[in-house]
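Structural features, examined
Each chain, written out:
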Amino acid sequence: MGKKELKVAFLLSLRSLQRGSRSSTLMTVLIVSLCFTNMIFLPGLFNGIGQSITKQVVDYEVSNVLITPRPGDQYITDLSATLDLINRMPGVERATPHYTKAATLKYGDRMLGVGVRAIVPSDEKYVSPLYTTMIAGNYLGDGDTGEVIIGKSVAGDPSIRQEDEFQPSLGGVRVGDSITIEYGNGYISDYQVKGIYATGWSESDNTVYVTMSDMEIVEGKVLDRADYITVKAKPGYSEKFIKDELQSYGVAEEVQTTADLLSKSMGRALQSFAIINMVSLIVSIIITTVVLFVVITIKTLSSRKQIGILKAIGVDKEVIMHTYGFQVIILAIFGILLGILMTSLLALYMSVNPVVTPEWSASLYLTPRDIITNSLILLGAAIVAGYIPAWRIAREDIQKSMRS
Amino acid sequence: MIRIEDLHKIYPMGDVEVKALDGVDLEIAKEEFIGIMGPSGSGKTTLLHMLGILDHPTTGKIRIDGIDIGTLTDYEKTMFRLYKLGYVFQDYALVPDLTVSENVCLPAMLRYDRTATEYIAATRGILQDIGLWERKDHLPRELSGGQQQRVAIARAIVNHPDILFADEPCANLDTENSRMVLNLFKKINEETGQTIVMVSHEDWHKEYFERIIRLRDGKIVKEMG
């Protein structure tokens, strides 16, 4: 098969598409584009959910590296020395402790069980964007006592009746209101709400933050311990690097990167996503293959006589086969391009209007690799679907073709 | 140029066999304009298809320029048709999606002994000769039957084939257009020495042929020269 033959095959296929049935061509391109969109949409959405969850876990839960007590220990002890050590290590932006205590909040006739999380507000700013999510009032200061910031879900909405609430809340607490907190150790105190935040991450929005100074009052002693420490890496340093450094510097506590934690907590969910993606991919490939197979079969069957004539005047069967093969490739390429355009528009729309649930918010997350991989898979399927009927019809006897 | 010996073609039709050709022997010399005539079902088109390597005989031999066609592979037959033969069909058989000029130069585009400049010039020359250069960008459906058949003839001769086969080229044309086509064949035959083998059932066409082969029931019953 030489250059001349390929040139003639391309000319014939191009002319057939240009001057043949436009509605059939447009319909085929549209179907291929919808199949492409179907192939890439679900994985893109699942990736978006995964990215959203990962970002929120990093931002509001564990940062880049999480240090938890050794197995069998309840707390990380000798906190000051441990923080000093970690904060001096290369690649560490800041390490900050967290200490959580179960408590019951009281506001009017409402009662709500939550975890009250003690933080060092100034350090927390380096590690978490919590301070940027205030929707009312202000963020905590290091020396604040008798003040809390509470999540939007905890504050609640006064316009929603208690029995209509999606999840229990304090029924509409506002900045400046006083709420009573009764800790598990029996300590009871009134706190003024300094600010209300909304992170969009359910776990965080159901939490109440106080300063470490306040928690020392609750515990009645200086706190040199924490439930866990979160560590933020400096730009350019990997989580793995920080983890290895921490371990090599003799940090004896359990050290885990975000990736370690996500693989444990989300491994099964990601597996489920992968299965759904695979099913969606296979269905799309089957639809595309069948559609293109039918289109080319109809084209070849309705052109049998013409194929016979072409063979009679000296056009080789391979040229005829490639004529239909090229048509499929062109249709598939245009379908894929339209699919990329449709998916990009969807991604743009969803970046402005993400899918929001109480647990996460997600938009379409597409990578060039996803687009290229899916394009090649679809193109491969299209080529197979087009060449099989073309090959069958091209090897038919001239007389049989001409008599059809 | 063409020599066929004891050619038989039998088509199975259910439980019976139809002898389309029943022992045909024939020789055609270079530069001849031959007419194959006879009633419907006499085997005219079958014989033309055998000569043009569009079908294969049940038994018998066909030699063109000393080459035994039966020994050629499928690909060699295709190349033989491309380089040595030209065809004109009853229903013009133009590619509907190609323009007049694209239809004409299509077989030439596939030949390795023709450059693009050569086949474009050849296409232009032929279309000017047959008076259709002005319609070179038209699609076949925009032409009359006579014009389409002239385009089909142009396509058949663009490669300067050794032999031109025409299967009832005037069957769908009125007398005026038929005469135009036959005059064109005559001109090609006289001016370029082109060998032409043409099937016809119109009696008045015989004035154009140098020799007439009459068939009946798959046998040559008469040769007139």
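Source: prediction; values computed, not measured.

With respect to the overall build of chain B
In terms of regular secondary structure, chain B is built from 6 helices and 10 strands. The C-alpha radius of gyration of chain B comes to 17 Å, within 12% of the 17 Å expected for a compact globule of 225 residues. Reported as C-alpha extents along the three principal axes, the dimensions of chain B are approximately 50 × 40 × 35 Å. Taking the intrachain contacts of chain B between residues at least 6 apart in sequence as the baseline, contacts between residues at least 24 apart amount to 70%.

Regarding the interface of chain A and chain B
With 18 residues of chain A at the contact, the number on the chain B side is 19 residues. Only helix 1 (3-19), helix 11 (304-312) and helix 14 (398-403) of chain A provide two or more residues apiece to the side of chain A that touches chain B. Broken down by element, the side of chain A that touches chain B gets its largest block of residues, 7 residues, from helix 1 of chain A. Here the residues of the side of chain A that touches chain B are counted per class, giving 6 nonpolar, 5 polar and 7 charged.

Quick look at the domain arrangement of chain A
By a frequent convention, interface size equals the accessible area lost on bringing the separate parts together. Residue and element names in this part refer to chain A. Assigned domains within chain A: domain 1 (3-57 + 267-403) and domain 2 (91-233). Measuring from the centre of the C-alpha atoms in domain 1 to the corresponding centre in domain 2 gives 53 Å. Each partner contributes to the interface: domain 1 provides 4 residues, whereas domain 2 provides 4 residues. Across the side of domain 1 that touches domain 2, the residue classes break down as 1 nonpolar, 2 polar and 1 charged.

Focus on the packing of helix 12 (residues 317-352) of chain A against helix 13 (residues 368-394) of chain A
Residues and elements named next belong to chain A. Contact geometry for helix 12 and helix 13: axes closest at 8 Å, N-to-C directions at 150 degrees. Taken together, the axes of helix 12 and helix 13 lie roughly antiparallel to each other. The two elements helix 12 and helix 13 cross, and the hand of that crossing is right-handed. Across the interface between the two elements, Lys317, Ile320, Met321, Tyr324, Gly325, Gln327, Val328, Ile329, Ala332, Ile336 and Ile340 of helix 12 pack against Ile371, Ser375, Leu378, Leu379, Ala382, Ile383, Ala385, Gly386, Tyr387, Ala390, Trp391 and Ala394 of helix 13. Of the residues assigned to the contact of helix 12 with helix 13, the class counts are 18 nonpolar, 4 polar and 1 charged.

Some details on the sheet that holds strand 4 (residues 59-64) of chain B
Residue and element names in this part refer to chain B. On the basis of which strands lie adjacent, the open sheet formed by 4 strands has the order 2-1-4-5 and antiparallel pairing. Edge positions in the sheet fall to strand 2 (16-28) and strand 5 (67-68), since each of these pairs with one other strand and no more. Of the pairings in the sheet, the one linking strand 4 to strand 5 comprises 2 bridges and is antiparallel in character. Within strand 5, the position partnered with Ile64 by the bridge is Ile67. Sheet strands in contact with helix 1 (residues 44-51) are strand 1 (2-13), strand 2 and strand 4, and its direction is about 60 degrees off that of strand 2.

Some points on the environment of Phe185(B)
Residues and elements named next belong to chain B. Here Phe185 lies in helix 6 (residues 175-192). For Phe185 and Ala166, which are 19 residues apart along the polypeptide, the C-alpha to C-alpha distance reads 9.6 Å. Apart from residues lying up to four places away in sequence, Phe185 is in contact with Ala166, Ile196, Met198 and Tyr208.

Re the nonpolar core
Judged by nonpolar contacts, the single largest core of 111 residues is most densely connected at Ile36(B), Ala152(B), Ala154(B), Phe165(B) and Val197(B). A per-element tally of this core places helix 2 (residues 22-62) of chain A first, with 10 residues. Sequence-distant contacts of Phe165(B), defined by excluding residues within four places in its chain, comprise Leu48(B), Leu51(B), Gly52(B), Leu85(B), Gly86(B), Tyr87(B) and Val197(B). Core analysis: the next-biggest nonpolar cluster, separate from the first, contains 51 residues, Tyr60(A), Ala118(A), Val154(A) and Ala155(A) among them.

Remarks on the pairing of strand 7 (residues 163-167) of chain B
Residue and element names in this part refer to chain B. Most of strand 7 is tucked away, with 5 of its 5 residues classed as buried. Of the pairings in the sheet, the one linking strand 6 (residues 85-88) to strand 7 comprises 4 bridges and is parallel in character. Counted as the bridge partner of Tyr87 is Phe165 from strand 7. With 5 bridges connecting them, strand 7 and strand 8 (residues 195-200) associate as parallel partners. Bridge pairing in strand 8 places Asp167 opposite Val199. With helix 6 bridging strand 7 and its parallel neighbour strand 8, the resulting β-α-β unit is right-handed.

What counts, and at which threshold
- Residues numbered from 1 in each chain as written.
- Chains lettered and ligands numbered in written order.
- Predicted model: local features only at pLDDT ≥ 70, side-chain atom pairs only at ≥ 80, totals over all residues.
- Helix = DSSP H or I, 4+ residues; strand = E, 2+ residues; numbered from the N terminus.
- Rg over C-alpha atoms; globule rule 2.2 N^0.38 Å.
- Contact = placed C-beta atoms within 7 Å.
- Nonpolar A, V, L, I, M, F, W, Y, C, P; charged D, E, K, R; others polar.
- Domains from an automatic or database assignment.
- Axes fitted to C-alpha atoms, helices over the stretch in contact; angles between N-to-C directions.
- Parallel < 35°, antiparallel > 145°, perpendicular 65-115°, else oblique.
- Left-handed = near helix turned anticlockwise from the far one by under 90°.
- Pairing = 2+ DSSP bridges.
- Core = buried A, V, L, I, M, F, W, Y, C linked by C-beta atoms within 7 Å.
- Buried ≥ 20, exposed ≤ 12 C-beta atoms within 10 Å, placed from the backbone.
- Right-handed = clockwise from strand over helix to strand, strands pointing away.

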